[in-house]
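# Examining the three-dimensional arrangement
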Amino acid sequence: MIHSLFLINASGDIFLEKHWKSVVSRSVCDYFFEAQERASEAENVPPVIPTPHHYLLSVYRHKIFFVAVIQTEVPPLFVIEFLHRVVDTFQDYFGVCSEVMIKDNVVVVYEVLEEMLDNGFPLATESNILKELIKPPTILRTVVNTITGSTNVGDQLPTGQLSVVPWRRTGVKYTNNEAYFDVIEEIDAIIDKSGSTITAEIQGVIDACVKLTGMPDLTLSFMNPRLLDDVSFHPCVRFKRWESERILSFIPPDGNFRLLSYHVSAQNLVAIPVYVKHNISFRDGSSLGRFEITVGPKQTMGKTIEGVMVASQMPKGVLNMSLTPSQGTHIFDPVTKLLSWDVGKINPQKLPSLKGTMSLQAGASKPDENPTINLQFKIQQLAISGLKVNRLDMYGEKYKPFKGIKYMTKAGKFQVRT
Amino acid sequence: MAAGQAYSEEKGGSSSLGEPEYGHDPASGGIFSSDYKRHDDLKEMLDSNKDSLKLEAMKRIVAMIARGKNASDLFPAVVKNVACKNIEVKKLVYVYLVRYAEEQQDLALLSISTFQRGLKDPNQLIRASALRVLSSIRVPIIVPIMMLAIKEAASDMSPYVRKTAAHAIPKLYSLDSDQKDQLIEVIEKLLADKTTLVAGSVVMAFEEVCPERIDLIHKNYRKLCNLLIDVEEWGQVVIINMLTRYARTQFLSPNQNESLLEDSAEKAFYGSDEEDTKDDKAEATSLVKRKPYVMDPDHRLLLRNTKPLLQSRNAAVVMAVAQLYFHLAPKAEVGVIAKALVRLLRSHSEVQYVVLQNVATMSIKRRGMFEPYLKSFYIRSTDPTQIKILKLEVLTNLANETNISTILREFQTYIRSMDKDFVAATIQAIGRCATNIGKVRDTCLNGLVQLLSNRDELVVAESVVVIKKLLQMQPAQHSEIIKHMAKLTDNIQVPMARASILWLIGEYCEHVPKIAPDVLRKMAKSFTNEEDIVKLQVINLAAKLYLTNSKQSKLLTQYVLNLAKYDQNYDIRDRARFIRQLIVPTEKSGALNKYAKKLFLAQKPAPILESSFKDRDHFQLGSLSHLLNAKAVGYQELPDWPDEAPDPSVPEWTKCTSREKRKEKVEKPFYSDSEGESGPTESADSEPESVSEESETSSSEGSSSSGSEEEEEGSGDQSEDKEEEEKRKKKKEKEAPRKASLESAGSPSEEEEEEGVKKGKKKKQQQERKGCGETSSEEASASESSSSESDSGSEAQESPAEVETKRRKAPASTKPSPRATTAGPKEISLLDLDDFTPPPPQPVPSSNIVSSSLVTDLEGLTLTDTSLAPALLSPVFGSVRTYELLHRMTGEGLSVEYCFSRRPFPHDPHMVAVQIQISNNTDAEVKSLRISEPKPLSGMRIQEFPEIESLAPGDTASVVMGIDFCDSTQAANFQLCTHTRHFYVSIQPPVGELMAPVFMSENEFKKEQEHLSRLGEGKLTGMSEITEKLTLPEKCRSDHAIVQQVTSAANVGRVPCGADNEYRFAAKTVTSGSLVLITLEKREGAAAQLTVNSEKMVIGTMLVKDIVQALVQ
């Protein structure tokens, strides 16, 4: 299985290595660097690179390459999924997963990695169990540790690994018992030139933050569970219950976790909450082009659209842009040719627009292609699919928890072709 | 290479300059460099009494290790702290130890005792952690200690410790592969473990150590299926992948009825949507013709239990289930995986990359599956190029007549993308669509021609290449396009495109008679500056023009060929020389000249544009090998479906206990709700979602009963009693032998439970039930000692060893080897015999034949093909001679004897059945006994006996193998292998064993004899008749004695004879079937004359010798 792990930063330094079997020389990464050089961008580095004696499987996140070295046949997704889990764990531990953070906490990182794999086979990947084994560093603990010389390694033994509910540790205690659920939906869409929808689908997740004492057993039911077409669960969810009653029944992990991710069936027409009016034109022979974008609300169910961001990769021929936004700020990076416009809130009375000219390379012919526009936005208090949570009940514990549900709609991969 | 430098710097021990230190966290030890002075400082800290100082030092050391710096010189100082009280120090010491123990083996030994102590700790977590570290220390000297620790931990009360033991197995195996056999034992034991915690880890160990030992899975198969949903996700992946392989060997293809259709479906690949419905219809008709397929309930169990895992959040699990369905599920059910796979496309780009690769392969085979999700594969400008190209691949695979217009519209957008690699791939994709879907070929071609005026040269070049391929399909209609392209030669500089244009013009020069010479003229001008591939095509063009239009192009051609003659590239020089010889007629030029035109202007088949993912599905999907399209190290080939259901006696029998167990309460998993239990025992047809399944089963019920009986394992029943067998015999069905054997081989099924069971059967079953009872009660408390667990599990195990012991428990008459199976009513054996090859009327008392029901009892117990034996239990002689194959001494305790059982060999009538009896006189179990590398002489064939999994000390197993000796007494050589050793052995048959008795009347005998002797006269007398005079000894003068001697010397049947003083025997040689006739004439006194008539002189001669010897002795 997984032999070794190398972490490589953007400038090509191997800043951490960990071996679970015999040591693999870090020179094996040369093959990776070669592939990296061949690929123009970091995201184009092939995730699987065969070398004469090893296979390098990598994921790229937070500007760090996590390169796993394997020697024998193993399902590639197994390794890739694990690497992502490693990143998630680091994020969970340190808040952010960055080179600096990893270097600062190198000992904790090392201890965590040691626990996650045994001989290259995943041992403990549940963050609950890991946190029981190795406590995440907090400022307070760091201070205390330096003074008293105590440790972040859990002194009690990790019982979680032995329990039937490995994702939950025993003896959880809170004074305020609360359970929050965020229903977050993302719209993936491709809108064509004329404004008609080529493809649109809704993907949703329910993220939970559960801080409940003891061993609560929760059930969550929906008003309209039929909407959910394809679901995937946190392992805590009882699948049979869902199959028969369409009810989510589970003993929750402690803290933050993703309870469910779902896909809304394709039959339902997706309401597209925004529209983009665009007029981008290059003229032959002229070194100037016109650029005009207006963003407006469409089907928003009366909610305001916030956090609107427009990004567009301009053709190589564009040298510079002189634009004036009606609101928000915009940046054009002449090197990467990336235009981004932070719009903010959309006021239906006064639609935000960005107008101006583009200066093109003199003498060059006009670019064939028009840029695509990528859109980001957020709508609070709305699940665009219409999904509604019916009720949340708790069994197994006596106290009355505080419950909360929040809805949000976001743009996923929302693209407008021009 | 920056990293390489950094590495060498660090190796050198110098403190690297630019790299920031891990100094920000006080816990990680402030600023330090790998100075040796600093190391002294660390040593001091490690030697101090304060834990905080030790911790500080250890943290700094671990930080060094993390950065890949060498800290091995601190080993002695660190290892002292292995017994430190502080838990974090201890952990960090472990980290250090595991990293450097391999380099400092001697010093590492100092720490071993600490772990050994830890192994005995009352706390399970400490035991586990001690084992974990101990097994991670790669020091070969401690292999025995590790082995002992693993063995002990494998029977630990705590499942967590057992899990750790399972993890330790591959570690030890990689350290010392000689331990394999012992480790397999441990694996076997742990496989029987019923906790979800252990399951994943032990299957992992199984896959690393002995993936070929598929037999170990039989008895755990159902348990694994049922536990699967509660196993942790990583274990699920491993188990599902393993079970996919397993199922491929154990079940029949669910699509076997459709295999005929496969071809037609393939053809209709780009056909319409109705394909599916057509399939269904055709399926229905084919069902009438073919044997109906009924899915094995165990096969169904696997499919049903894995399906929920498609909902897993872990992409690897989803992929594993998807590949399982793709490889194992009936066509109609595979569709469910599409949705889940499409969901994964939302995940990280690396996951997308892998999933798309697999979808691409699947979409070639099962296009319909992904059609509804076509839009999910639309490409976004933000996708990385590698993802875009894969999506394009999938879209192209999904294209058909109905959706092609939408897809082409999408492609049009893509062509305008900024990503040029992607645009090139899109053009290729359009070309593929155009070749595959005739309807849009013209549209595509027009589109591509428009692209020829694109400003980007890469786009144009790619278009030219694709257009060239398309034009080849119907050149006549497109001379316009060819003309257009001819003009492009002035502008396009991309060599591949230029070469393509030139080739086109040359190939279709009759369509552009005016332009072609002109192009050649231009090219001749620029010849020296062209790339090699272009030059080659210029030569080609010149040659073709010379042949079609020599008037205009003769000089040009000469010129080009002259230029080429002095080219730097030898390929071009070669080509020029070759072409000159071929096309320019000279006096010397040979006959080929006449055919030059045919050679150059032959009709060339249009290239087939096909996906690079075609046929990748011979790799197991989801595997690394599939992704790389090359076999990765350690890849386990996905076996093909067996043509016939594997001998049902093997898996079925062994699965039986677990099936019974299923009826009892399955260990209640955390998830399962009340309804959860209803599932597992349903058979295939009760599955609601598989409608097609249902229709299949119902149709099978209508069909001939014999067919369905063979199919349904439930009907195979060893409780078949005497009466029934008699009835069967009366029916005299032709199939009887096979069926009887199947029945005897089948597992004790539900039917058996209902019926009253007879004789030893009952006892055995009780034991078995008891076994099940034990196991189920144990399930409740997994913490109970696992040794007893494995015992009860072994009740169901079919390792011959256990069978042996069981047999001993059975009634006295049932003894291990068939040779020794004696005493039983005679008539039954005869009843059996009637159904097969005509048995010789043996005068030998058949006292050595067991009551058939008992035999079936026994045979049901064995794992091997001998289960067929009872049916064939024909003439067994008291006086069968055994020969030694392997002596106890040479075989290191393993002794092997063989005898010629004189039964027809069931699998092949041309083979001689050789019964082999293997006894294990060692004090260790012998495993995986098998024949390997038979090296038969020409024409000789060996049918190996099925592998014996294991043979307990002191036990004996007997198996049957078949050898086709080709009617010669040459020895058959082969290797007998155990898990550890190979023995070269050989079997040399006495001539008398190369024949089988023939039943004939006196008249027939005489006729044949006459015929044979006449045959001989035609050539030479004595060719077919050998006569020998002999004197019979005293004790061998009675009828009985003579007959017995002759029949024991040779496998012949007696022919009734009118005369008192004559004995006649007849036989046929096994391979060629030529007759062997023996006549023994008693003369006065002790004199006698033996005559053997046979076409085969050698056999005749040897036979005479053998018989004489037998009689005279």
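Right above here is the structure, for reference.
Residues numbered from 1 in each chain as written. Chains lettered and ligands numbered in written order. Predicted model: local features only at pLDDT ≥ 70, side-chain atom pairs only at ≥ 80, totals over all residues. Heavy atoms only, no water.

Before going further, it helps to spend a moment on the overall build of chain B. Broken down by element type, chain B carries 49 helices and 15 strands. Relative to its full complement of 1113 residues, chain B shows a buried share of 58%. (Helix = DSSP H or I, 4+ residues; strand = E, 2+ residues; numbered from the N terminus. Buried < 20%, exposed > 50% of the residue type's maximum accessible area, 1.4 Å probe, protein only.)

A few words on the pattern of salt bridges. Using the criterion set out here, one finds 49 salt bridges over all chains in the structure. As a salt-bridge pair, Lys171(B) and Asp118(A) come within 2.8 Å of each other at their nearest N and O atoms. A residue pair is termed interchain when its members come from two chains, as with Lys171(B) in helix 9 (residues 159-175) and Asp118(A) in strand 6 (residues 117-118). Exposure remark for Asp118(A): the relative accessible area of 2% places this residue in the buried category. The closest approach of N and O atoms between Glu637(B) and Lys631(B), which form a salt bridge, is 3.1 Å. The class for Lys631(B) is exposed, based on a relative accessible area of 53%. One salt-bridge network, held together by shared partners, links Lys18(A), Glu114(A), Glu115(A), Asp118(A), Lys91(B), Arg132(B) and Lys171(B). (Salt bridge = Lys/Arg side-chain N within 4 Å of Asp/Glu carboxyl O.)

This part is about the interface of chain A and chain B. Counting residues at the interface gives 118 residues for chain A, matched by 106 residues for chain B. In total, about 9700 Å² of surface goes out of reach between chain A and chain B, with carbon and sulfur atoms giving 58% of it. A per-residue breakdown of the area chain A buries against chain B is headed by Glu73(A), Leu77(A) and Phe121(A), which together make up 7% of the total. Counting across the chain A and chain B interface gives 12 salt bridges. When the shortest N-O distance is used, the salt bridge between Arg132(B) and Glu115(A) registers 3.4 Å. Taken together, the links from chain A to chain B amount to 39 residue pairs in polar contact (both at pLDDT 80 or more). In terms of residue count, the dominant contributor to the side of chain A that touches chain B is helix 2 (residues 76-94) of chain A (eight residues). (Contact = heavy atoms within 4.5 Å. Buried area = accessible area lost by both parts, 1.4 Å probe. Polar contact = N/O pair within 3.5 Å; in protein donor to acceptor, adjacent residues only side chain to side chain.)

The tally for this structure, following the rule as stated, stands at 28 aromatic pairs over all chains. Aromatic pair Phe82(A) and Trp234(B): ring centres 5.9 Å apart, planes at 75°, arrangement edge-to-face. Of this pair, Phe82(A) sits in helix 2 while Trp234(B) sits in helix 13 (residues 233-250), each in a different chain. Measuring from ring centre to ring centre gives 6.3 Å for Trp503(B) and Tyr508(B), while their planes differ by 90°; the resulting arrangement is edge-to-face. This pair shows no difference in class: Trp503(B) is buried, exactly as Tyr508(B) is. (Phe/Tyr/Trp six-rings, centres within 6.5 Å; stacked < 30°, edge-to-face > 60°.)

Glancing now at the packing of helix 6 (residues 105-119) of chain B against helix 7 (residues 124-136) of chain B. When two helices pack together, their arrangement is given by the angle between the helix axes and by the axis-to-axis distance. Residue and element names in this part refer to chain B. Between helix 6 and helix 7, the shortest axis-to-axis distance is 7 Å and the interhelical angle comes to 145°. Helix-helix and strand crossings are classified by hand; for helix 6 and helix 7 the assignment is left-handed. Along its contact with helix 6, which presents Ile-112, Phe-115, Gly-118 and Leu-119, the element helix 7 presents Ile-126, Arg-127, Ala-130, Leu-131, Val-133 and Leu-134. In terms of residue class, the contact of helix 6 with helix 7 is made up of eight nonpolar, one polar and one charged. (Axes fitted to C-alpha atoms, helices over the stretch in contact; angles between N-to-C directions. Left-handed = near helix turned anticlockwise from the far one by under 90°. Nonpolar A, V, L, I, M, F, W, Y, C, P; charged D, E, K, R; others polar.)

Bringing the packing of helix 7 of chain B against helix 9 of chain B into the picture now. Residues and elements named next belong to chain B. The contact between helix 7 and helix 9 brings their axes to 9 Å, and the two run at 5°. Between helix 7 and helix 9, the angle falls in the class roughly parallel. In this structure, helix 7 uses Gln-124, Leu-125, Arg-127, Ala-128, Leu-131, Arg-132, Ser-135 and Ser-136 to contact helix 9, whose residues at the interface are Tyr-160, Val-161, Thr-164, Ala-165, Ala-168 and Lys-171. Broken down by class, the residue content of the contact of helix 7 with helix 9 amounts to seven nonpolar, four polar and three charged. (Parallel < 35°, antiparallel > 145°, perpendicular 65-115°, else oblique.)

With that settled, consider the pairing of strand 19 (residues 338-344) of chain A. Residues and elements named next belong to chain A. One ladder, built from six bridges, connects strand 16 (residues 305-313) with strand 19; its direction is antiparallel. Among the inter-strand pairings, Val-308 is bridged to a residue of strand 19, identified as Gly-344. Two strands pair when backbone bridges link them, and strand 18 (residues 329-333) and strand 19 are joined in this way by five bridges, in the antiparallel orientation. From the neighbouring strand, His-330 faces strand 19, where its bridge partner is Trp-341. (Pairing = 2+ DSSP bridges.)

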